Amino acid sequence: MLAVVPPPVTVRVPAKVNLHLAVDDLREDGYHELVTVFQALSLTDEVTVAVTEEPGLEVYGEGEGSVPTGPENLAWRAVEALAAHVGRAEEPKVRVVLRKGIPVAGGMAGGSADAAATLVGLASLWNLEITRDELAGIAAGLGSDVPFALYGGTALGTGRGEHLVPVLSRHTFHWVLAFDSEGLSTPKVFKELDRLRAAGNPPRIGSHTPVVEALASGDPRQLALLLGNDLQAAAVSLRPELRRTLRAGVNAGALAGTVSGSGPTCAFLCEDAQSAVEVAAELSGAGVCRTVRVAHGPVPGARVVGGDDAPRPAPPRVHA
Ligand SMILES: C[C@@](CO)(OP(=O)(O)O)[C@H](O)COP(=O)(O)OP(=O)(O)OC[C@H]1O[C@@H](n2ccc(N)nc2=O)[C@H](O)[C@@H]1O
Ligand SMILES: Nc1ncnc2c1ncn2[C@@H]1O[C@H](COP(=O)(O)OP(=O)(O)O)[C@@H](O)[C@H]1O
């Protein structure tokens, strides 16, 4: 009898920006305790999972040449983790296709997003009865930012960032994102912060409460005054050109700019959608970054797309 092969499943998953990222001291397990307010943005990756006789992973789009396609890819680690969790530990007969829009090593949690999307896609492909909270447990084992990509929205993250509580956000906020030509390594940025702190610098950002209040008020001007990131000084120390990028965004009319997470992507909060388009146009002409994108948030976390949302076919690879 012929086995019925389920159709491929595609999941869209958002990037994140940290509106507030307070980093505490290094813990014994090599991680830093942190308090962060995440917001999920309309800048997305799409992940398709399919049953196959040729297991593996393909990557297209943003940064495709610098994303590993072997077992170290976070999306493939998600395949293995979910397979082990549900007792399919033999090599999973799965093909994963990543269509990336999120910059690689950009401080916007692209790899984490792909892992979260893979968990959601496989749960559907394998018809698993598994809750999002159970998936979040597996997600936390894959990386600090993976659980947030499952839920999306706006959330307060504590611990390594994996303990999440939703935060009320009344408004759609409009952002301009400046991608750099090269990524920054997250562990190196945390190490640089430890080094700067050992030398007596820089001051730590305060409590997250005012940011949560500004989100509830929905006023982008109020939120703009409160954006803060303890990793920014470390990212700027490793990549001094970011100072110029941050200045250029504000000169172009943004309300405020911040380094996203460990960087080097800079995120600029704008007054409204129209202002974001104008800031993006001016910033692209300023010659301070590789690419500029407009995005809004909050948006939902990883979710299966279908119908008119169905994926475009993978772009053809050009061989020289
Ligand atoms: C800084 C943040 C802010 O949201 O995001 P990114 O800028 O990477 O997107 C996160 O904390 C990154 O989360 P994620 O990228 O999932 O990091 P993980 O894989 O868990 O950890 C990578 C490495 O970063 C360091 N790390 C990460 C998280 C944390 N709370 N303390 C740390 O010191 C550790 O050296 C760890 O080995
Ligand atoms: N699916 C993936 N997408 C992007 N990068 C990945 C992925 N899997 C593993 N990586 C590795 O993880 C590193 C961090 O990538 P990414 O998650 O995009 O950045 P960040 O941690 O700054 O948010 C990359 O340099 C890459 O080598």
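By the naming in an unreviewed UniProt entry, the protein is 4-diphosphocytidyl-2-C-methyl-D-erythritol kinase, taken from Amycolatopsis iheyensis. Looking at the protein in UniProt, the text filed under Sequence similarities (unreviewed entry) is "Belongs to the GHMP kinase family. IspE subfamily." We quote the UniProt Pathway (unreviewed entry) comment for the protein here in full: "Isoprenoid biosynthesis; isopentenyl diphosphate biosynthesis via DXP pathway; isopentenyl diphosphate from 1-deoxy-D-xylulose 5-phosphate: step 3/6."

A. Structural view of the sheet that holds strand β10 (residues 266–270). Ordered by their spatial adjacency, 4 strands build an open sheet running β9-β10-β7-β11, and the pairing between neighbours is antiparallel. Of all the strands in the sheet, the pair left with one neighbour each is β9 (256–259) and β11 (291–297). Each strand axis lies, on average, 25° off the axis of its neighbour in the sheet, ignoring direction. Relative to β11, strand β7 (residues 173–179) runs antiparallel, the two sharing 7 bridges. Its bridge partner lying in β11, leucine 177 is registered against arginine 293. Against the sheet, helix α9 (residues 242–251) contacts β7, β9 and β10, and its axis sits at roughly 15° relative to β10.

B. View of the site of ligand 2. Around ligand 2, the structure places 18 residues, and the nearest of them are Ala105, Gly107, Ala109, Gly111 and Asp114. A distance of 3.0 Å separates a nitrogen atom of ligand 2 from a polar backbone atom of leucine 74. Here a nitrogen atom of ligand 2 and a side-chain polar atom of aspartate 114 are 2.9 Å apart. Isolated, ligand 2 exposes 540 Å² of accessible area, and the fraction of that covered by the protein chains is 76%. Where the shell around ligand 2 is concerned, the elements lending two or more residues are β4 (94–100) and α2 (110–125). In terms of residue count, the dominant contributor to the shell around ligand 2 is α2 (3 residues). For the shell around ligand 2, a count of residues per class yields 9 nonpolar, 6 polar and 3 charged.

C. How the structure looks around the UniProt feature "binding site: ATP" (unreviewed entry) in the protein. Following the UniProt record, one finds the feature "binding site: ATP" (unreviewed entry) at Pro103, Val104, Ala105, Gly106, Gly107, Met108, Ala109, Gly110, Gly111, Ser112 and Ala113. For valine 104, the position within the fold is in the loop between β4 and α2. A relative accessible area of 26% means that valine 104 is categorised as partly exposed. Residues within four places of valine 104 in sequence aside, it is in contact with Glu62, Gly63, Ser66, Val67 and Gly183. For glycine 106, the position within the fold is in the loop between β4 and α2. Every residue in contact with glycine 106, bar those within four places of it in the chain, is listed here: Ser260, Gly263, Pro264 and Thr265.

D. Representation of the UniProt feature "domain: GHMP kinase C-terminal" (unreviewed entry) in the protein in the model. The sites that UniProt annotates as "domain: GHMP kinase C-terminal" (unreviewed entry) are residues 212–286. Between the C-alpha atoms that bound residues 212–286 the distance is 33 Å, and the span itself is 53% helix and 15% strand.

E. Structural detail: the side chain of histidine 20. When you line up the elements, histidine 20 lands in strand β1 (residues 9–26). Apart from the residues lying within four places of it in its own chain, the contact partners of histidine 20 are Val35, Thr36, Val37, Ile205, Gly206, Ser207, His208, Val211 and Gly228.

F. Inspection of the site of ligand 1 at higher detail. Residues in contact with ligand 1 amount to 22 residues; listed here are only the nearest, His32, Ser144, Asp145, Thr186 and Ser262. Within the side chain of asparagine 18, a nitrogen or oxygen atom sits 3.1 Å from an oxygen atom of ligand 1. At 3.4 Å from an oxygen atom of ligand 1 is found a main-chain nitrogen or oxygen belonging to alanine 109. Protein coverage of the free-state accessible area of ligand 1, which is 690 Å², stands at 84%. Classifying every residue of the shell around ligand 1 by side-chain character gives 9 nonpolar, 10 polar and 3 charged. Looking at the shell around ligand 1, you find at least three residues from each of domain 1 (9–167) and domain 2 (173–297).

What counts as what
- Residue positions within a chain follow its written sequence, with the count starting from 1.
- Following the order in which they are written, the chains are lettered starting with A and the ligands numbered starting with 1.
- Since the coordinates come from a predicted model, pLDDT governs what is reported: local features require at least 70, and pairs of side-chain atoms require 80 or more to be given and counted, while whole-chain, interface and lining totals use all residues.
- Hydrogens are left out, water is left out, and the side-chain values use all remaining heavy atoms of the structure.
- UniProt positions are given in the numbering used here, feature names are shortened, and annotations may be inferred rather than shown by experiment.
- Strands are treated as partners if at least two bridges between them are detected by DSSP.
- Secondary structure elements are defined from DSSP: runs of H or I of at least 4 residues count as helices, runs of E of at least 2 residues count as strands, and each element is numbered from the N terminus.
- What counts as an axis is a line fitted to C-alpha atoms, over the stretch in contact for a helix, and the angles between N-to-C directions run from 0 to 180 degrees.
- We call two residues in contact when some of their heavy atoms are within 4.5 Å.
- Near is defined per residue: the residue qualifies when any heavy atom it owns lies within 4 Å of the molecule or strand.
- Polar contacts, as used here, are pairs of N or O atoms within 3.5 Å; protein pairs need one atom able to donate a hydrogen and one able to accept it. Residues neighboring in sequence count only if both atoms are side-chain atoms.
- Method for areas: the Shrake-Rupley scheme with a 1.4 Å probe, in which residue coverage is limited to the protein chains shown.
- Charged residues are taken to be Asp, Glu, Lys and Arg, nonpolar residues to be Ala, Val, Leu, Ile, Met, Phe, Trp, Tyr, Cys and Pro, and polar residues to be all remaining types, Gly included.
- We call a residue buried when its accessible area falls under 20% of the maximum for its residue type, exposed when it is over 50%, and partly exposed in between, using a 1.4 Å probe and counting protein chains only.
- Each domain's extent was defined by an automatic or database domain assignment.

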